Structures are given as C-alpha cells and as structure tokens.
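# Working through the structure, step by step
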Amino acid sequence: MNLAPPMGEPLDGKGKTLNPPAPAGWTWYEIDGAVCRDGSPTGFFVHNGSTNKLLIYLEGGGMCSNASFCSFNPASASSVLSGDAQTVLGTVFGAINGRQQPGVYTQADHAGSPKGIFDFQDTRNPVRDWSQIYVPYCTGDVHFGTNKNGEVPGLKNQQFVGYSNMRLFISRIVPTFQGRVGQVLLTGADAGGFGAALNLSMVQDAFGDTPVDVLSDSGTPMDDRFMPVCMQKLWRESWGFDASLPPDCEGCRQANGGGLLKLADYLIAKHPTVRIGMISSIEDEVIRLAYSVGANNCANSDTANPIALTVAQLIDPNILMPASEFTKGLVALREQYVHTKQLATFYKGGPNPNLHQHLFRPDFYDTVNGTTLAQFMADFIGGGLTQVGP
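Residues numbered from 1 in each chain as written. Predicted model: local features only at pLDDT ≥ 70, side-chain atom pairs only at ≥ 80, totals over all residues. Heavy atoms only, no water.

## Considerations on the pairing of strand β7 (residues 147–152)
Where β7 and strand β8 (residues 155–160) come together, three bridges link them in antiparallel fashion. Its bridge partner being in β8, N147 is matched across the sheet by F160. Two successive antiparallel strands, β7 and β8, enclose a turn made up of two residues, where G154 displays a positive phi of approximately 90°. (Pairing = 2+ DSSP bridges. Helix = DSSP H or I, 4+ residues; strand = E, 2+ residues; numbered from the N terminus.)

Listed below in structure tokens is the structure:
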C-alpha cells in the first residue's frame, strides 16, 4: 500500500521572518494546517546545502502520557525543555519558554552554537554540505499521533497530531526537493528517533524512487519483553496510533496492545533496500524513565512523575527500568535483525553510559570501540552496515 500523502505546492523559498532571527543559514516555514498539542501553529526550518542530498531531522522532547510527563514535553514550537536534555535531572524544570531550533540543546542555557550534524563548518561532520529540514516537536506523541481531541490522565483537549503534521510537511518537502536530491536520510533523537522510524514508510513512498534511510538516535524500539505492552497500548489509544500504522501491516495491531516492533518486519519486507540505523547509550536513563510508565503492568501510569521516579530510583534502582534490562533489549534488537543486512547499530558505553541524544552534541566525535559516531554515520550514509558496541 502506498502511504504517500497528496502533494502540495513547493516551498516559496522565502519563509517567515522570526524575531529574534532564525539561526544563520536556516529559514522558518509555517505550514497551513499543522498544529502543536496546544493548537498553536507549527512548521519546520530549512537549510539549503551544496550537495544533492537531504536530511530530515525530527526533534525530541518527551512523551505526553499523563499530566506530569506532559509537563516535560513542549506543547508548542515556542517551548523547549529546560537544560540540555542529556539526563532527567538536567531537565528538572520541565518545559519552559524558548524556541525549538537547530542547536537549542547543545548547551544547558540554550545559547550554544549548533554542533554535531548541525555544524556546517566542521569538516568531520559527514552531512555538513547536505540540505536539512529541522522539525520541532510539540505534539507529545513521538511524531505519530492522529488524535485531534486527545486525553491522558489529568489532561484533556490535546492535539496529538504528529503523524498528521508529518504528512502535511512531507507534502511540501517532496515537491520542493524531488529532482534536486538523490538521497534522503530521515533521522531524529529521543521522540524524534522513534518518529523517524515510525514515519519511514510514508516518507519513502512519498519520495518514490529516491532512496530514504532512517537513523534513530536515542529512540530505539524493543520487543514486548522489554517495551511494556500496557505502555504500547496507552500510546495507541491516547495518541491514535492505529490510524497512523500502515493498514496492511499484519501484526502491527495486537489484541493486547503490543507488537509495535512488528512494524520493523513490515518495513523490511516492503522496502528491501532501506537501511535502518540505531544509536543509543547502553543505559539511556531518559528512555528507561519513559518505559517505566509501564512498570508493574502500568499500575501507576496515571500518576507517574518523572522527577519523583528519578529520585526514588536512588533508593530503589528497580523503580526505573533496570539498566541491565535496557542493555539486553538493545542487544536483542540487533540479534533479531542483523541477519536482514538492513540494520546498523551504534551502542555507546564508556564512562557515561546513561546519557541521552548524541547527533547534535560534541560527543558526536567521541570514540567508541575505535569508531566515532560521526564515522559510523559517514559509513551508514555511504552504504555501510556497521555494528559498534556491545
């Protein structure tokens, strides 16, 4: 089944002037019909590169599963997470005023210059000369919701429309770049990493013969042994996943609410030349916290609080998903799909195995088992399928 949305008009090349201005080299486009969780308008930034390649980056920023967790998810494009989003306590003040834009999470004060994939001056950056799209995250649904009048415990009237927005975005991006680019990389971090993988088939169908690969940073899906089934069910029901999952994906809609990883089987079968890359710290505390909503069969999912859970785990480490279980989930994913010759993985251990999101940070150039993430990414976009880390 072809999931491509109806195509719209190419972007006008002018965009909308922002005050203060957009980062140097970027232009903001507000897209008609695209809205954030609070109903405010949204869109994306565009950077025009010098080569015939395009990177589409989906921003992260938490998952809106109850009122407390939603307070750690920006509800508009004019809201950001406090701090640099590397750790849970590093974002202790939740969502605050600020503009989501390339480089916003480079430093805790949001004043740093873009690094990693967004630094177009660093010759080590393998996508420095690519055109890029930067999509803010303000829907709380890992860029995959279709519920225009959503509700989670403690919060009503939420627009979980990340997938609906993505279809609108792609309907403008494809007419603008098709014919100009011969390679597309769909990527993102945190919720954007999940969203990149979830939206892959729609994006590939829209670009037609132009190959699209996906590289997910700190948004690694796992099978039902590690990714709580009850939490998957909450996502489906609260955010409207059943309407965004491909209608012909057998297995994507399990009776118990689980089976989201079955989408990977669908992607591999439908798109046999697509390559999927996964990046993660081996003990990522932010994703372990997100998965902890499903602890004890979601017994406390209505009232779970990110900071309270993080502090409590100092006394009882089992409050969060155990680090060892998270690592097992990563390894199990690799073992399940490495034989397909479509998967590459970069699992980061070392002295800080719990840190979150890497593509846009200085640690993009840190070495893991003799390879930097920048080198891994260069190999991946060049056609390689490297397995790095445990």
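## A word on the nonpolar core
Within the largest apolar cluster, 73 residues are counted, with the highest numbers of intra-cluster contacts made by F44, I56, V142, I173 and F207. Top element by residues in this core is helix α3 (residues 191–207). It accounts for nine residues. Apart from residues no more than four positions distant in its own chain, F207 is found in contact with L54, I56, I173, V174, Q178, V181, V184 and V212. Counting residues in hydrophobic clusters, the runner-up holds 45 residues, among them F72, V80, L185 and F376. (Core = buried A, V, L, I, M, F, W, Y, C linked by side-chain atoms within 4.5 Å. Buried < 20%, exposed > 50% of the residue type's maximum accessible area, 1.4 Å probe, protein only. Contact = heavy atoms within 4.5 Å.)

## Some thoughts on helix α10 (residues 323–337)
Across its 15 residues, α10 extends 22 Å between first and last C-alpha, which sits within 8% of the 21 Å expected from 1.5 Å per residue. Of all the residues in α10, the buried ones are A323, F326, T327, G329, L330, A332, L333, R334 and Y337. Here the buried face of α10 lies against α6 (262–270), β11 (276–281), α7 (285–291), β12 (343–348) and β15 (387–388). (Expected span 1.5 Å × (residues − 1).)

## Focus on the sheet that holds strand β3 (residues 53–58)
Taken in spatial order, the nine strands line up as β1-β2-β6-β3-β9-β10-β11-β12-β15 in an open sheet, and their pairing is mixed. Across the chains shown, the open sheet's two edge strands, defined by having one partner strand only, are β1 (27–35) and β15. As paired elements, β1 and strand β2 (residues 41–47) share five bridges and run antiparallel to each other. In the sheet register, E30 faces β2, and the bridge partner there is G43. Seen against the sheet, α3 touches β3, β9 (183–189), β10 (212–217) and β11 and runs at an angle of roughly 155° to β9. (Axes fitted to C-alpha atoms, helices over the stretch in contact; angles between N-to-C directions.)

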